[in-house]
Amino acid sequence: MTRMRAVLEVARWEFMRYLKPKQQLIGMLITFTIGLGTIGVQKFAARGDSKAVRVAVLGTALPLDSVAGRVHFDYYSAGQQAALQQQFAEGEIAGLLRIVDTDRAVLLVRRSYDWTADVQGALSAARQQVMLARAGLGVNDLALIAAPPSLEIEYQRQSNREQRGARMAATIIISLMMFAVFMGMSYVFTSITGEKQIRVTEQVVSAISPQSWIDGKILGLAGVSLVGVLNTTIAGAALVFVMLRGKTVSVRMPETLGDPGTILVIVLFALLGLFFWFAFLGAVAATIDDPQNSTRGSLLFVPLFMTLLAFFISKNPDSGFARTLSLLPPTSPSAMPARMLLTDVHPLEIVASLVLLVAGVLVLRTIAGRIFRLGMLMYGKEPTWQELRRWMFQR
Amino acid sequence: MLRVESVRKRFATVVAVDAVSLTIERGQIFALLGPNGAGKTTLIRMILGLMRPDEGRILHGGEDRKPDPAQIGYLPEDRGLYQDIQVLKTLVYFGVLRGMTRAAATKSALAWLERMSLADRAHEPLKSLSKGNQQKVQFISAVLHAPAFAVLDEPFSGLDPLNQDLFLGLIQDLRNSGMTVLLSAHQMQLVERIADRIVVMNRGRTLLNGTLPEIRRQWATGSRLVLRVSGEPSLDFLAGQAPGVTARWLGDGCIELFIAAEQPLGPLLAAAGAHLDIREIESRPVTLHDVYVGSIANAEGAETLP
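These notes cover the structure that comes with them. These figures come from a predicted structure and were not determined experimentally.

The rules we used
- Residues numbered from 1 in each chain as written.
- Chains lettered and ligands numbered in written order.
- Predicted model: local features only at pLDDT ≥ 70, side-chain atom pairs only at ≥ 80, totals over all residues.
- Heavy atoms only, no water.
- Patch = residues over 30% accessible without salt bridge, like charges linked within 9 Å, V, L, I, M, F, W, Y side chains within 5 Å.
- Areas by Shrake-Rupley, 256 points an atom, 1.4 Å probe, with all protein chains shown as cover.
- Salt bridge = Lys/Arg side-chain N within 4 Å of Asp/Glu carboxyl O.
- Lys, Arg positive; Asp, Glu negative; His and termini not counted.
- Charge placed at Lys NZ, Arg CZ, Asp CG, Glu CD.
- Helix = DSSP H or I, 4+ residues; strand = E, 2+ residues; numbered from the N terminus.
- Buried < 20%, exposed > 50% of the residue type's maximum accessible area, 1.4 Å probe, protein only.
- Core = buried A, V, L, I, M, F, W, Y, C linked by side-chain atoms within 4.5 Å.
- Contact = heavy atoms within 4.5 Å.
- Pairing = 2+ DSSP bridges.
- Axes fitted to C-alpha atoms, helices over the stretch in contact; angles between N-to-C directions.
- Polar contact = N/O pair within 3.5 Å; in protein donor to acceptor, adjacent residues only side chain to side chain.
- Parallel < 35°, antiparallel > 145°, perpendicular 65-115°, else oblique.
- Left-handed = near helix turned anticlockwise from the far one by under 90°.
- Nonpolar A, V, L, I, M, F, W, Y, C, P; charged D, E, K, R; others polar.
- Phe/Tyr/Trp six-rings, centres within 6.5 Å; stacked < 30°, edge-to-face > 60°.
- Lys NZ or Arg CZ within 6 Å of the ring centre and 35° of its normal.
- Buried area = accessible area lost by both parts, 1.4 Å probe.

Focus on a positive patch on the surface
Residues and elements named next belong to chain A. Positive charge collects at one region of the surface, where R161, R164, R167 and K315 lie side by side. Note on placement: R164 falls in helix α6 (residues 160-197). With relative accessibility at 31%, the residue R164 sits in the partly exposed group.

What follows is the structure, encoded as structure tokens:
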């Protein structure tokens, strides 16, 4: 059997073994339903907050508008203070506002409420009017004083809307990459530690080389993760469509996303990134004897951490930090696609990053194969760090 | 033909296999015997190319190379299959990994399942089968690609007597079809029924190597008699009159006598007739079990002597 046929057969086996269309469909529906539910709860919560609040006002030093946001002000004379306090104590009014003078007011409430911001706003507006009147100025005069000079920014590459869109697209791509790595973490870990536990390993490695086995696993499980990502993307897109239906969107996706070449490069980075991290995960999982008690399990979070670092480049994608992240294999699978959407990246940078990533995948895959070869046949104990170092260089 | 030449393998502080040499001819059933920790599995893993010897050579067909997986079938001692996958799918997967086409693997798997009376379970997950039936599926996965050389590590463990007999027949059929079989097992009475050649290992070394008659001669030349007597007479007379004889009570009035080749039987039987009320005499051949237990005991005794 050729090496390629062995790799493809294992990939097929792993893909079919872990791809559960029914469960993935249910997962999509659950994601969609939870999203819809969250939107519903948000709307319900917002509607609950719109209920009017009555606040009694004592003192006339500041002329408040009768309504400010959700708050309705009712004026009373100083002689009614005792009766108002009684009403407040009995919960008939939400607050008792005593305006001492133009610079000071006291609001009596039972606890912290978000509508007190409306009271503060109303007091500020009223005080502004009083002060303008004292200075002999009108509202229009104030508007003229406060108006900034006009500055029109002409963006050479992206409009403001496009920049927001680019940031959003970069965030989505990094998130999807994280999701794919997270799914892979679970699949690779389950697949390899599971096979060690059911003692199927010897039979397989007597038939094909451990390198072909781990290559096939990486390929097959990357396929399962990509299907999972695709499903989640579809569910997410459907949810966004429902959320934004009938609304004006002030975001425009960057034009680079419409370029097939850019899409191809982004997909290439994503695939190579998955191969890179799945090889790492495979090597770690092969050294774990007891998944319940192994301390090596924490190493599985390294890929997640490296992937999420790309989130930090969105504000300044041209910084040295961002360039470094997009060049080095552990972070480039998520950082370079993000940079390509956020800024102009020199083609040589992209090529250099791709070359390094391909080299990184080949090196990590080989090291993973060596660790896998020995780790998969080791039962009852985990190899020491010294043993692992020796295995890495053992041909 | 497989030739193992002075192979040695060390793990940390233990020498698992120590200067072992053996030759397995085409079409033989070759039995590898020894207690746990004797080095059998390590030797098997080296023969299969899963491990490299520290010293020595393993020649497959005269060449020092890894065996061709398509020509090897392997039933490991530490075994298991995918419990949640259908039996047929698992078998086809292993067949394809061994170089078969999917169609040929399916055809062969179905034929083997039929032979094992498991055809109606082909589309059930492995976990729904009994332990014995799972063992049958394991066996099929090792041989469905009709390899030239099958390595069966403990094929009888966990089987009831009927299935042990079934497996004996299957292994003999494999040999008759031209397959070479390397067998590791603890069931001596089964091994001696089918093995063409036997190696007994202990602590990484070869203790005995040959056909069953050869290793009987290597370990013990002589004969064994079982005497049924009345009462429980003393056996002290043997010490003075038959120095080449060891005796032990088997219970139920039976005494087992191991008699060295040089010990003349006539005077011994005359002395026994004088001291014992003998009701029955039975001559029993030395079994593989006797050879195995005796050779291991001898080796352990020799190693523990100052």
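Picking up after the structure, the text goes on.
What about the nonpolar core?
Buried together is how nonpolar side chains tend to be arranged in soluble globular proteins. Counting 146 residues, the largest nonpolar core has L43 and F139 of chain B as its most contacted members. Element by element, the count of residues in this core is highest for helix α9 (residues 260-286) of chain A, at 14 residues. Apart from residues lying up to four places away in sequence, L43 of chain B is in contact with V4, V17, V20, L22, L32 and M201 of chain B.

Some words on the sheet that holds strand β13 (residues 278-284) of chain B
Residues and elements named next belong to chain B. Spatial strand order, β11-β12-β10-β13: four strands in an open sheet with antiparallel pairing. Each having just a single partner strand, β11 (245-251) and β13 make up the two edges of the open sheet. Within the sheet, the average angular offset between the axes of one strand and its neighbour, ignoring direction, is 25°. Note: β11 against strand β12 (residues 254-260), six bridges, orientation antiparallel.

Examining the side chain of K217 of chain A
Within the element layout of this structure, K217 of chain A appears in helix α8 (residues 210-244). A polar side-chain atom of K217 of chain A sits 2.6 Å from a polar atom in the side chain of E195 of chain A.

A closer look at unusual backbone geometry
All names here are of chain B. If you check the backbone angles, S117 has positive phi at about 60° while not being a glycine. Structurally, S117 is set in the loop between α3 (102-115) and α4 (131-143). Assessed through its relative accessible area of 59%, S117 is described here as exposed. Despite not being glycine, D252 has its phi angle at roughly 55°, a positive value. Checked against the element boundaries, D252 lands in the loop between β11 and β12. When its relative accessible area of 66% is taken as the criterion, D252 is described as exposed.

Regarding the packing of helix α12 (residues 332-342) of chain A against helix α13 (residues 347-375) of chain A
All names here are of chain A. Running from amino to carboxyl end, α12 crosses α13 at an angle of 165°, the nearest separation of the two axes being 11 Å. It follows from the interaxial angle that α12 and α13 lie roughly antiparallel. Judged by the sense of rotation from one axis to the other, the crossing of α12 with α13 is left-handed. Note on element contacts: α13 touches α12 through E349, I350, S353 and L357, opposite S332, P333, M336, R339 and M340. Here the residues of the contact of α12 with α13 sort into five nonpolar, two polar and two charged.

A short note on the sheet that holds strand β5 (residues 72-75) of chain B
All names here are of chain B. Spatial ordering of the open sheet is given by β5-β6-β7-β3-β8-β9, a layout of six strands whose pairing is mixed. Two strands close off the open sheet at either side, each with one partner strand: β5 and β9 (205-210). Here the average twist between neighbouring strands, direction ignored, is 15°. Inspection of the sheet shows strand β3 (residues 29-33) paired to strand β8 (residues 197-202) by four bridges, in the parallel sense. Bridge pairing links L32 to V199 in β8. Docked against the sheet, α4 engages β5 and β6 (149-153), running at close to 160° with respect to β5.

Here we look at the pattern of salt bridges
Residue and element names in this part refer to chain A. According to the stated counting rule, one finds 29 salt bridges over all chains in the structure shown. A salt bridge links E14 to K217; the nearest nitrogen and oxygen atoms lie 2.8 Å apart. Of this pair, E14 sits in helix α1 (residues 3-18) while K217 sits in helix α8; the two residues are 203 residues apart in sequence, bridging distant segments of the chain. Note on accessibility: E14 and K217 belong to one class, buried.

Remarks on the pairing of β12 of chain B
Residues and elements named next belong to chain B. For β12, the tally of buried residues reaches six of seven residues, placing the bulk of the element in the interior. Direction of pairing for strand β10 (residues 222-229) relative to β12: antiparallel, over a ladder of seven bridges. Residue pairing across strands places L227 opposite I255, the latter belonging to β12. Counted along the chain from β11 to the antiparallel partner β12, the turn is two residues long, and its residue D252 has a positive phi close to 55°.

Looking at the packing of aromatic side chains
Scanning all chains against the criterion turns up 11 aromatic pairs over all chains. Clustering of aromatic rings is evident, with ring pairs tying together W13 of chain A together with Y82, Y93 and F94 of chain B. Directly above the aromatic system of F88 of chain A lies the positively charged group of R110 of chain A, at a separation of 4.5 Å from the ring centroid. The ring centre of W112 of chain B lies 4.8 Å from the NZ or CZ of R115 of chain B, which sits over that ring.

Concerning the packing of α8 of chain A against α13 of chain A
Residues and elements named next belong to chain A. In contact at an axis separation of 8 Å, α8 and α13 are set at 115° when each is read in the N-to-C sense. Along this stretch, α8 crosses α13, giving a crossing that reads as right-handed. Contacts from P210, Q211, W213, I214, D215 and K217 of α8 reach α13 at R365, T366, A368, G369, F372 and R373. Residues belonging to the contact of α8 with α13 are distributed by class as follows: five nonpolar, three polar and four charged.

Structural notes on a nonpolar patch on the surface
Residues M4, L8 and L219 of chain A make up a contiguous nonpolar surface patch of about 280 Å² in total accessible area. Note that L8 of chain A resides in helix α1.

Some remarks on the interface of chain B and chain A
The partner chain A presents 22 residues to the 27 residues of chain B that form the contact. Summed over both sides, the interface between chain B and chain A buries roughly 2,400 Å², with carbon and sulfur atoms accounting for 54% of that surface. When the area that chain B buries against chain A is broken down by residue, the three leading residues are Y82, Y93 and L97 of chain B, summing to 28%. Our count for the chain B to chain A interface comes out at two salt bridges. In terms of residues, the side of chain B that touches chain A owes the most to one element, helix α2 (residues 87-97) of chain B, which gives six residues. Counted by class, the side of chain B that touches chain A contains 13 nonpolar, six polar and eight charged residues.

Notes on the side chain of S108 of chain B
All names here are of chain B. You can see S108 is positioned in helix α3. The exposure class of S108 is buried, given its relative accessible area of 15%. When near neighbours in sequence (up to four residues on either side) are disregarded, S108 contacts M100 and L144.

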